[in-house]
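Observations on chain architecture
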Amino acid sequence: MAARIIDGKAFAAGLRARVAGHVMRLKAEHGVTPGLAVAIVGEDPASQVYVRNKARQSAETGMNSFHYELPGNLPEAELLALIGALNTRDDVDGILVQMPVPAQIDARKIIEAISPAKDVDCFTPENVGRLAIGIEAPVPCTPLACLMLLRDTLGSLAGANAVIVGRSNLVGKPMAQLLLRDNCTVTIAHSKTRDLKALCRTADILVAAIGRAEMIRGDWIKSGATVIDVGINRIADGAGKTKLVGDVAFVEAVKVAGAITPVPGGVGPMTIACLLANTVVAACLRRGIAAPGDLGA
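This section reports on the structure supplied with the text.

Conventions adopted
- Residues numbered from 1 in each chain as written.
- Predicted model: local features only at pLDDT ≥ 70, side-chain atom pairs only at ≥ 80, totals over all residues.
- Heavy atoms only, no water.
- 1 Å grid on protein atoms, 1.4 Å probe; cavity = no way out; pocket = protein on both sides within 12 Å on 5 of 7 lines; lining within 4 Å.
- Points joined across faces, edges and corners; volume = space filled by probe spheres on them.
- Helix = DSSP H or I, 4+ residues; strand = E, 2+ residues; numbered from the N terminus.
- Nonpolar A, V, L, I, M, F, W, Y, C, P; charged D, E, K, R; others polar.
- Salt bridge = Lys/Arg side-chain N within 4 Å of Asp/Glu carboxyl O.
- Buried < 20%, exposed > 50% of the residue type's maximum accessible area, 1.4 Å probe, protein only.
- Pairing = 2+ DSSP bridges.
- Contact = heavy atoms within 4.5 Å.
- Axes fitted to C-alpha atoms, helices over the stretch in contact; angles between N-to-C directions.

1. A few points about empty space enclosed by the protein
- Tallied over the entire structure, the rule returns 1 cavity of 30 Å³ or more.
- Approximately 50 Å³ is the volume attributed to the largest cavity.
- Forming the boundary of the largest cavity are I95, L96, V97, M99, I111, I114, D119, V120, D121 and F123.
- Here the element with the most residues in the lining of the largest cavity is strand β4 (residues 94-97); it accounts for 3 residues.
- Partitioning the lining of the largest cavity into residue classes produces 8 nonpolar, no polar and 2 charged.

Here you go:
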């Protein structure tokens, strides 16, 4: 039997609707309109499209959207000054600087300049630490997306054996923290792991976030496992064009897994929706308002 396809696009639409409902409530009950500021430095076309989608979806949920497209030769000091100004604005609840930034800008300085209270993608050292020890804080958007899809698919995750392939600060490490919170037994694997195939075959939950197109084959997957594919890779389709694929060989995996996210249409559509959810949560936490229980981890 083929695996259940986990529809991230549909789940994201529902999450955005919940965000819009909470924005409406915050406006009506507290006079608060959550605001998200997104800055991009340079003219990378893919990043520009992504940032504009963030701005559009922010506005569609009733939030305030502040969008800054900055020249590629922008001095680091000017970007730091913008972040400093956004940190002090009460109408801005979330700040996100699109990565990567040009070579003249130190990405670490930029991340550390963002107020932790407005760090809606959990990049700052303070929020990374808060996540690790279980203190309330924003949760990284992509791992949060994965967790929401897993909970929706499986219900309780307690006791599941979870293997995460990838150890990045953006996905692998925070994903492990979130799954530990949900009482999974967690292993982080990577390209240097010995007998990676055998390890993957032990997983009830397999999260692929290694950034290698179709690296994880169907015979790496335990029968009935739930597979979350975070990878987005563009490869040739054999007809002179390109196509998007994940880190999992989907055609093979769908015959073995119990449930699986497709690429595209799985984790990807959830990322901006989770960013909007984090902005609403940040707006509440900054003002001492109870954060909605259906938006966070």
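2. Some points on the pattern of salt bridges
- According to the stated counting rule, one finds 13 salt bridges in the structure shown.
- Residues D93 and R286 are paired through a salt bridge, measuring 2.4 Å at the closest nitrogen-oxygen approach. With D93 in the loop between α3 (76-88) and β4 and R286 in helix α10 (residues 270-287), this pair connects stretches of sequence that are 193 residues apart.
- According to the relative accessible area criterion, R286 is partly exposed, its value standing at 28%.
- With its nearest N and O atoms 2.6 Å apart, the salt bridge here joins E252 to R217. Placement of E252 in helix α9 (residues 250-253) and of R217 in the loop between β7 (205-208) and β8 (226-229) is noted, with a sequence separation of 35 residues between them.
- Judged by relative accessible area, which is 30%, R217 ranks as partly exposed.

3. Considerations on the sheet that holds β8
- In space, the 6 strands of this open sheet follow the order β1-β11-β8-β7-β5-β6, with parallel pairing throughout. A single partner strand is all that each edge strand has here, and the edge strands are β1 (4-5) and β6 (185-189).
- Examined bridge by bridge, strand β5 (residues 161-165) and β7 share 4 bridges and lie parallel to one another. Among the inter-strand pairings, V165 is bridged to a residue of β7, identified as A208.
- Against the sheet, helix α6 (residues 141-154) contacts β1, β7, β8 and β11 (259-260), and its axis sits at roughly 155 degrees relative to β8.

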